[in-house]
Amino acid sequence: MKKTFKLIDLDCANCAAKMETAIKKLPGVTDASVSFMAQKMTIEADDVDAVMKDVVKCCRKVEPDCEIVL
Amino acid sequence: MTRKQKKMLWRILISFVLFTAALLLPTIWLSGPIPLLSVIQDQGGCGAYALAKWPLFLIPYLVIGWDVLWKAVRNIMNGQVFDENFLMCVATIGALIIGEFPEAVAVMLFYQVGELFQNVAVSRSRQSISELMDIRPDYANIQRDGQLVQVDPEEVAVGDVIVIKAGERVPLDGVVLEGASALDTAALTGESLPRDVAAGDEVISGCVNLSGLLHVKVGKPFGQSTVARILDLVENSSEKKAQAEHFITKFARYYTPIVVFAALALAVIPSLLDGQWGIWVPRALNFLVVSCPCALVISIPLSFFGGIGGASKQGILVKGSNYLEALAQAGVVVFDKTGTLTQGKFSVTAVHPDGMSQEELLELAALAEQFSTHPISKSIVAAWGGTPDQSRAADVEEIAGHGVRAVIDGRTVLAGNGKLMAREGIPLTLDHDHPGTVIHVAVEGRYAGHLVIADQPKATSAQALRELKAAGVRQTVMLTGDAQGAAQAVANELGLDRFYSQLLPAGKVERVENLLQEKSPKETLVFVGDGINDAPVLSRADIGVAMGALGSDAAIEAADIVLMDDDLLKLTAAVRIARKTLSIVRQNVVFALGVKLLVLILSAVGLANMWAAVFADVGVSVLAILNASRMLKAK
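Criteria and thresholds
- Residues numbered from 1 in each chain as written.
- Chains lettered and ligands numbered in written order.
- Predicted model: local features only at pLDDT ≥ 70, side-chain atom pairs only at ≥ 80, totals over all residues.
- Helix = DSSP H or I, 4+ residues; strand = E, 2+ residues; numbered from the N terminus.
- Rg over C-alpha atoms; globule rule 2.2 N^0.38 Å.
- Buried ≥ 20, exposed ≤ 12 C-beta atoms within 10 Å, placed from the backbone.
- Contact = placed C-beta atoms within 7 Å.
- Nonpolar A, V, L, I, M, F, W, Y, C, P; charged D, E, K, R; others polar.
- Pairing = 2+ DSSP bridges.
- Axes fitted to C-alpha atoms, helices over the stretch in contact; angles between N-to-C directions.
- Core = buried A, V, L, I, M, F, W, Y, C linked by C-beta atoms within 7 Å.
- Domains from an automatic or database assignment.
- Expected span 1.5 Å × (residues − 1).
- Arc of directions from axis to C-beta.
- Parallel < 35°, antiparallel > 145°, perpendicular 65-115°, else oblique.
- Left-handed = near helix turned anticlockwise from the far one by under 90°.

Chemist: Just give me the short version of the overall build of chain A, but keep the residues and values in it.
Modeler: Within chain A one finds 2 helices and 4 strands. The C-alpha radius of gyration of chain A comes to 10 Å, within 12% of the 11 Å expected for a compact globule of 70 residues. On the principal axes, the C-alpha backbone points of chain A span a range of 30 × 20 × 15 Å. Every one of the 70 residues in chain A was classed for burial, and the buried ones make up 43%. In chain A, the share of contacts with a sequence separation of at least 24, taken over all contacts with a separation of at least 6, comes to 59%.

Next comes the structure, spelled out in structure tokens:
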């Protein structure tokens, strides 16, 4: 399953790259892509809704100002 | 500017005023010492107590830098140590400790100005790209109880009739029931010539109705309409990242820690040797400022994003940065013949009469063939031009696999292939060895000449192939299921390097696989087809390009790059845009790394101050962004 989320206040390109790396490492996540330019995040997982809690936590850790629109 | 950016601008201005005030304020002399707040200064030859400057500079420093400090603390607590906030803090606090107050404030101020500038530049280019792709219709007009109501296009069901007024965007795909108009397809295809539509024609969402009122019966729900599919495709294109992007993010992961440790080494090792901490520590602080990787990380996706945006403006949809990157290295371009290099429809290319005029021969053939539905017969009628007079032809008899026999104006006319002539025992008196299909005509048992019917190359194909070669494509190859002769003729006319004829669909895949093995690993193989029946080849090639995709679902699905109309010149435009994007990416990487490296070296030997270091960080980012935004205007 693949889902795309909008991101608000993703201000730095390096943070986007760090977020992507961190999310990819989460258990249950098959693939992730964070686009700084499009301000979007695509998560691929068997059950996207189940991993979203971890993803949000992970993003908050890397870039606390950035908000994921669920 | 957003509210956040405006707020930042105010902070910068306030801090700047306070900073200037602190710089200009004269020394205030004190009568006696105050702990922490007084320093001993020289007053007319003897030492006296003066008010210390640091509180004056600390105010603008905190005004401008509090959020950087706060973010650094917060990120360290989250286990993210080496980020730019932390590096800026260490560098500026270090400067404060060694007594360089104005530098500390100025560096923080300059850093924030750069960040703001960067922020504005990125949101500007993001905005201009989304404006390029602004083809989403806002509403659809629907007739309800005799009144026109505006509804959300998503609410319109298949089979509903929508009304499109002049100047409005077509919201959903459908068929015109009533009305005639010209449609501007520029937003979809980049083609500026309007397309005329009338009742019975299909219209595609995203076009703009230029003149008349149209009543359209909706053929597809919004989610499956052309405009929604295109938007979906373009919006998701940033998902597939280019090699260059992966490289740079990976690079950034190592770059920052390495520079930070180099800074640490620079601060400690020489100082232990010569004891001059006051020289080495400031130099090391410069290193920290330079160690931010943001300029690099930001400029590359921005360049690709701009390239994809600029391409879509011209009706070229690129499904990901990786494809744009691969297209820039195109070395072998393989074309499908029918519908790609050629028009995909038959037309009369030559009329060779024997004993009558060309017009007479064409007329006879058209009259004889008028009742046939075969594409070749239709092309003869089309070449003749008028509507044939049915009453002039009698006793029309189709001879399967051979041709037609008819009595026209009282004379028996035969029109068909060589087998028909042989069967009737009519000798062929003209040389008839032409590429394409030859239709012979005989009148009253006497040979009257022949017509040559072929699938003609598109008007722009030859030019497009020349331009591809000029753009650095090494080899052009044509694949076709047609006979050798027809293939040879097209290949010669267009100047293709190689061609393979009489191929079945599976044979095309095989050929492409052979070509993939032959090419050098540095170059990529592009396959261009019309998206019909060539999905396996499209996916097998490094880059599959489908053309003439306006309205074709299969092509949009299977291809990596989609050309919205069927003009091959779009392909050369795509290659040009890809090359330009890649050259901007390269420029940015070399420039950003070069400046950073230069400043690192100059800092190490003490020739660069913290101003240069801040320029190497944010200044370079801004320049890289400006360079990348050139892609938006690419032709």
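Chemist: If you had to explain the interface of chain B and chain A to someone new, which residues and values would you point to?
Modeler: Taken together, the contact between chain B and chain A spans 18 residues of the former and 15 residues of the latter. Residue assignment for the side of chain B that touches chain A shows that the elements contributing at least two residues are α4 (101-132), α7 (243-274) and α9 (294-313) of chain B. Here the element with the most residues in the side of chain B that touches chain A is α9 of chain B; it accounts for 6 residues. Class assignment of the residues belonging to the side of chain B that touches chain A gives a composition of 8 nonpolar, 5 polar and 5 charged.

Chemist: Please give an account of the sheet that holds strand β19 (residues 446-457) of chain B that cites residues and values.
Modeler: Residues and elements named next belong to chain B. Across the sheet, which stays open at both edges, the 6 strands sit in the order β14-β19-β18-β17-β16-β15 with antiparallel pairing between neighbours. Either end of the sheet is taken by a strand with one partner, and the two such strands are β14 (342-353) and β15 (393-399). Ignoring strand direction, the axes of neighbouring strands in this sheet form an average angle of 20°. Where strand β18 (residues 437-443) meets β19, 7 bridges bridge the pair, whose relative direction is antiparallel. Bridge pairing links I439 to L451 in β19.

Chemist: Please provide a residue-by-residue account of the nonpolar core, values included.
Modeler: Residues and elements named next belong to chain B. Within the largest apolar cluster, 207 residues are counted, with the highest numbers of intra-cluster contacts made by V107, V289, L327, A365, V526, V545 and I561. Broken down by element, the residue count for this core peaks at 14 residues, all from helix α20 (residues 569-604). Setting aside its immediate chain neighbours within four residues, V545 contacts V526, F527, V528, A559, I561, L563 and L571.

Chemist: Outline the sheet that holds strand β13 (residues 330-336) of chain B, supporting the account with residue identities and numerical values.
Modeler: All names here are of chain B. Strand order across the open sheet formed by 7 strands is β12-β24-β23-β22-β13-β20-β21, with mixed pairing between neighbours. Both edges of this open sheet fall to β12 (316-318) and β21 (498-500), since each of them pairs with a single strand only. For this sheet, the mean inter-axis angle between neighbouring strands, taken without regard to orientation, is 20°. Bridge count between β13 and strand β22 (residues 524-529): 5 bridges; the pairing is parallel. Note that in β22 the partner of F335 across the bridge is V528. In the packing of helix α10 (residues 321-328) onto the sheet, contacts are made with β12, β13, β22, β23 (543-547) and β24 (561-563), and the angle to β23 comes to roughly 95°.

Chemist: So, the domain arrangement of chain B: which residues are in play, and what are the values?
Modeler: Residues and elements named next belong to chain B. Annotation of chain B at the domain level lists domain 1 (140-231), domain 2 (311-342 + 458-576) and domain 3 (343-456). Using C-alpha coordinates to define each centre, domain 1 is positioned 31 Å away from domain 2. Each partner contributes residues to the interface: domain 1 has 9 residues there, and domain 2 has 9 residues. Going through the elements one at a time, α5 (186-189) and α6 (226-235) are the ones with two or more residues in the side of domain 1 that touches domain 2. The dominant element in the side of domain 1 that touches domain 2, judged by the number of residues it contributes, is α6, at 3 residues.

Chemist: Which residues make up helix α1 (residues 3-24) of chain B, and what are the values?
Modeler: Turn by turn, an α-helix covers 3.6 residues, leaving residues three or four places apart pointing in a common direction. All names here are of chain B. With 22 residues, α1 ought to run about 32 Å at 1.5 Å a step, and its terminal C-alpha atoms sit 32 Å apart, in line with that. When we look at burial in α1, the residues that qualify are M8, S15, F19 and A22. The buried residues of α1 all sit within an arc of 55° when viewed along its axis, so they share a single face. Counted as exposed and oriented over 90 degrees from the buried face of α1: R3, K6, W10, L13, V17, T20, A21 and L24.

Chemist: Tell me about the packing of helix α12 (residues 358-369) of chain B against helix α13 (residues 375-384) of chain B, and name the residues and values.
Modeler: Residue and element names in this part refer to chain B. Where α12 contacts α13, the two axes come as close as 9 Å, and the packing angle between them is 135°. Accordingly, the angle class assigned to the pair α12 and α13 is oblique. The element α12 and its partner α13 pack so that their crossing is left-handed. Contact with α12, carried on its side by L362, E363, A365, A366 and E369, involves S377, I380, V381, A383 and W384 of α13 and no other residues of that element. Residue composition of the contact of α12 with α13, by class: 7 nonpolar, 1 polar and 2 charged.

Chemist: Just give me the short version of the environment of E557 of chain B, but keep the residues and values in it.
Modeler: All names here are of chain B. Along the chain, the position of E557 falls in helix α19 (residues 553-558). Looking at E557, the number of C-beta atoms within 10 Å reads 16, which means it is partly exposed. Placed 11 residues apart in sequence, E557 and A546 show a C-alpha to C-alpha distance of 9.5 Å.

Chemist: Mind laying out unusual backbone geometry, listing which residues take part and the relevant values?
Modeler: Residue and element names in this part refer to chain B. Notably, D409 is not glycine yet its phi reads approximately 50°, a positive angle. Structurally, D409 can be placed in the loop between β16 (403-408) and β17 (411-416). One non-glycine residue, Q502, lies in positive phi territory at about 50°. Position of Q502 relative to the elements: it lies in the loop between β21 and α17 (505-518).

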